[in-house]
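# Structural characterization, general
These are the residues of each chain, in order.
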Amino acid sequence: MKVFIICQGGFPLGMAPNKRKLCLAKALLQAGIDCRVLVFARHDNRLQQEKDNADSGSFEGVPFTFIGRDVNDSKGIISKIRAICSCFELILYLKRNLSSGDIVYSYVPDKFTLSFMDIIISVVHHKKAKYVRELCELPFGKGKETKKAVANRKKILEKQFNKYDGILSISQSLTELAKQYTRPDCKIFQLPILVEYEKYALEDKPELAEVPYIFHSGSLTEQKDGMLGMIEAFGMATKQLGFPIRFIFTGNKEKSQFSKEIDGLVEKYELTDKLIFTGFISDEILKNYLQRATLVIINKYPNQQNKYCFSTKLGEYMAAGKPVIITNVGDAKNWLTNRKDALIVETQNTQVMAKAIVELFTDSELRTRLGNNAKITCQHAFDYRVYSSPLKEYFSKL
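Residues numbered from 1 in each chain as written. Predicted model: local features only at pLDDT ≥ 70, side-chain atom pairs only at ≥ 80, totals over all residues. Heavy atoms only, no water.

### Some details on the overall build of the protein
Check the secondary structure of the protein and you find 16 helices and 14 strands. For a compact globule of 398 residues, the expected C-alpha radius of gyration is about 21 Å, and the protein comes in at 22 Å, within 12% of that figure. Seen through its C-alpha atoms, the protein measures out along the principal axes to roughly 70 × 45 × 45 Å. In the protein, which comprises 398 residues, the share counted as buried stands at 56%. Surface exposure of the protein reaches about 17800 Å², of which carbon and sulfur atoms provide 50%. In the protein, the 58 positive side-chain charges and the 45 negative ones have mean positions that sit 6 Å from each other. (Helix = DSSP H or I, 4+ residues; strand = E, 2+ residues; numbered from the N terminus. Rg over C-alpha atoms; globule rule 2.2 N^0.38 Å. Buried < 20%, exposed > 50% of the residue type's maximum accessible area, 1.4 Å probe, protein only. Areas by Shrake-Rupley, 256 points an atom, 1.4 Å probe, with all protein chains shown as cover. Lys, Arg positive; Asp, Glu negative; His and termini not counted. Charge placed at Lys NZ, Arg CZ, Asp CG, Glu CD.)

Here it is in structure tokens:
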């Protein structure tokens, strides 16, 4: 049995989706399963450029193959044509390399799932292989709930889910959704956020920070990360504390659609020089910021996207032993216990969040207890190594 993980974009470097693919592939390889990542319609791949346009290679022990040309070295219609050609090159690759009993594991954006995956599924089944889908977001559920998004989601759920042999679901809400549309023999495995624990098991060193700070690595969005709510709570906390604190974000404020709102909060709470936006940073620099942070926050609001997703960065924060404030939205509350390994606060309540911030900055014993317990929970619940045997058993039964 071979497992081919098909994905689009900038693998192996990049954000949370690529980290999850890497963790999954490493778990399978650790279990002794032959695994390869196939990257089609690729773009902005620094590793690929460094390898002088090599067609294949290995990253941290994970074999990968690039399918087709980079779609971002051209513009407009040419880029779209290259993406389409790359899709068909992937089909030809699977026709040549799939054998009976193999598994194609799809981690593909919605637009490709809608327009392209039916063909892939047909090829997979024709070769007597199995098709498994990664389900880590509600289909077409990230942006605004438009009529087009609803129609596209309905098409995928009603016309495609019944063709899947298996689903790896990241959350309980997605598992329940999948059960409504898949065949009775479709095997659903709930796989939470994954983290490479040893990579993020950092030594806690907040004392090295020039000024104590909160750290947030993620997008400067309100729908997904509640960024304005965090800044508002931070502003309230600065008024209550008797010493200076900062809040460091990895996003670029000038490119955020909420830059004016951020400026308004800076003025309201006198946060000039207290909010820092680093822009894109490498993983090593990110870990340095994380290591020196006093605490971290994941501020999920009760919207459609957050109901179904599960924040990958939570695992990294916990592995680093950081005391974390989360809201009572989504799957995180099912894995963590309030005041044991996290502070779980009411969502959309900036006063309650501000109170939690003040408590963590002034109670070193609480910070230490939460951070230490978070590391233990992460190692037992989210480290990819924990899932090597269960995943091997799951794929073997497909």
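### Notes on the sheet that holds strand β11 (residues 275-277)
Strand order in the open sheet formed by six strands is β11-β10-β9-β12-β13-β14, with parallel pairing between adjacent strands. In this open sheet, the two edge strands, each paired with only one partner strand, are β11 and β14 (343-345). Going from strand to strand, the sheet's axes swing by 25 degrees on average, the running direction of each strand aside. Direction of pairing for strand β9 (residues 213-216) relative to strand β12 (residues 295-298): parallel, over a ladder of two bridges. (Pairing = 2+ DSSP bridges. Axes fitted to C-alpha atoms, helices over the stretch in contact; angles between N-to-C directions.)

### Brief notes about the pairing of strand β3 (residues 56-59)
Pairing of β3 with strand β4 (residues 62-67) involves four bridges; the strand directions are antiparallel. Of the residues in β4, the one forming a bridge with S58 is P63.

### Details of the nonpolar core
F40, L90, L94, I120 and L314 are the most contacted members of the largest nonpolar core, which has 71 residues in total. Top contributing element to this core by residue count: helix α4 (residues 110-126), with seven residues. When near neighbours in sequence (up to four residues on either side) are disregarded, L314 contacts I193, I298, V324, I326, A332 and L336. Grouped together as the second largest cluster of nonpolar side chains are 35 residues, I297, I325, M353 and V358 included. (Core = buried A, V, L, I, M, F, W, Y, C linked by side-chain atoms within 4.5 Å. Contact = heavy atoms within 4.5 Å.)

### A word on empty space enclosed by the protein
Counted under the stated rule, the structure contains one cavity of 30 Å³ or more. Volume-wise, the largest cavity comes out at about 120 Å³. In terms of lining residues, the largest cavity is bounded by 13 residues, among which I298, K300, S311, V329 and A332 are the most central. Looking at side-chain class alone, the lining of the largest cavity contains seven nonpolar, four polar and two charged residues. (1 Å grid on protein atoms, 1.4 Å probe; cavity = no way out; pocket = protein on both sides within 12 Å on 5 of 7 lines; lining within 4 Å. Points joined across faces, edges and corners; volume = space filled by probe spheres on them. Nonpolar A, V, L, I, M, F, W, Y, C, P; charged D, E, K, R; others polar.)

### Some remarks on the environment of I167
If you trace the backbone, I167 turns up in strand β7 (residues 166-169). By relative accessible area, which is 0% here, I167 ends up buried. On a C-alpha basis, the gap between I167 and Q190 in space is 8.2 Å, while along the polypeptide they are 23 residues apart. Not counting the four nearest positions on each side in its chain, I167 is found in contact with V132, R133, L135, F161, A178, T182, C186, K187, I188, F189 and Y394.

### A few points about the confidence of the model for the protein
In the predicted model, the protein carries a mean pLDDT of 92, and the fraction of residues at 70 or more is 96%. Contacts of residues 46-53 to residues separated by more than four positions or lying in other chains number 12 contacts, the stretch itself having pLDDT below 50. (pLDDT = per-residue confidence, 0-100.)

### Overview of the side chain of Q291
Mapping Q291 onto the fold places it in helix α10 (residues 283-292). Overall, the relative accessible area of 17% leaves Q291 in the buried class. If near-sequence neighbours (up to four positions away) are discounted, Q291 is found in contact with L202, E203, D204, K205, P206 and K322.

### A few points about the sheet that holds strand β6 (residues 130-135)
The strand order across the open sheet built from eight strands is β3-β4-β2-β1-β5-β6-β7-β8, with neighbouring strands paired in mixed fashion. Two strands lie at the open edges of the sheet, namely β3 and β8 (187-190), each paired on one side alone. Each neighbouring strand pair of the sheet contributes to a mean axis angle of 25 degrees, computed without reference to strand direction. Across four bridges, strand β5 (residues 103-107) lies against β6 in parallel orientation. Its bridge partner being in β6, I103 is matched across the sheet by K130. Running at roughly 155 degrees to strand β2 (residues 34-40), helix α3 (residues 76-97) makes contact with β1 (2-8), β2, β4 and β5 of the sheet.

### Quick word on the packing of aromatic side chains
All told, the structure shown has 16 aromatic pairs when counted by the stated rule. Centre to centre, the rings of F189 and Y394 are 5.4 Å apart; their planes meet at 40 degrees, and the pair counts as tilted. Here the residue F189 occupies a position in strand β8, and Y394 occupies one in helix α16 (residues 388-396), the gap between them amounting to 205 residues. According to the relative accessible area criterion, F189 is buried, its value standing at 17%. Owing to a relative accessible area of 8%, Y394 belongs among the buried residues under this scheme. Among the aromatic residues, ring-to-ring pairing joins Y131, F161, Y164 and Y181 into one connected group. Directly above the ring of Y200 sits K287, whose terminal nitrogen or CZ lies 5.7 Å from the centroid. (Phe/Tyr/Trp six-rings, centres within 6.5 Å; stacked < 30°, edge-to-face > 60°. Lys NZ or Arg CZ within 6 Å of the ring centre and 35° of its normal.)

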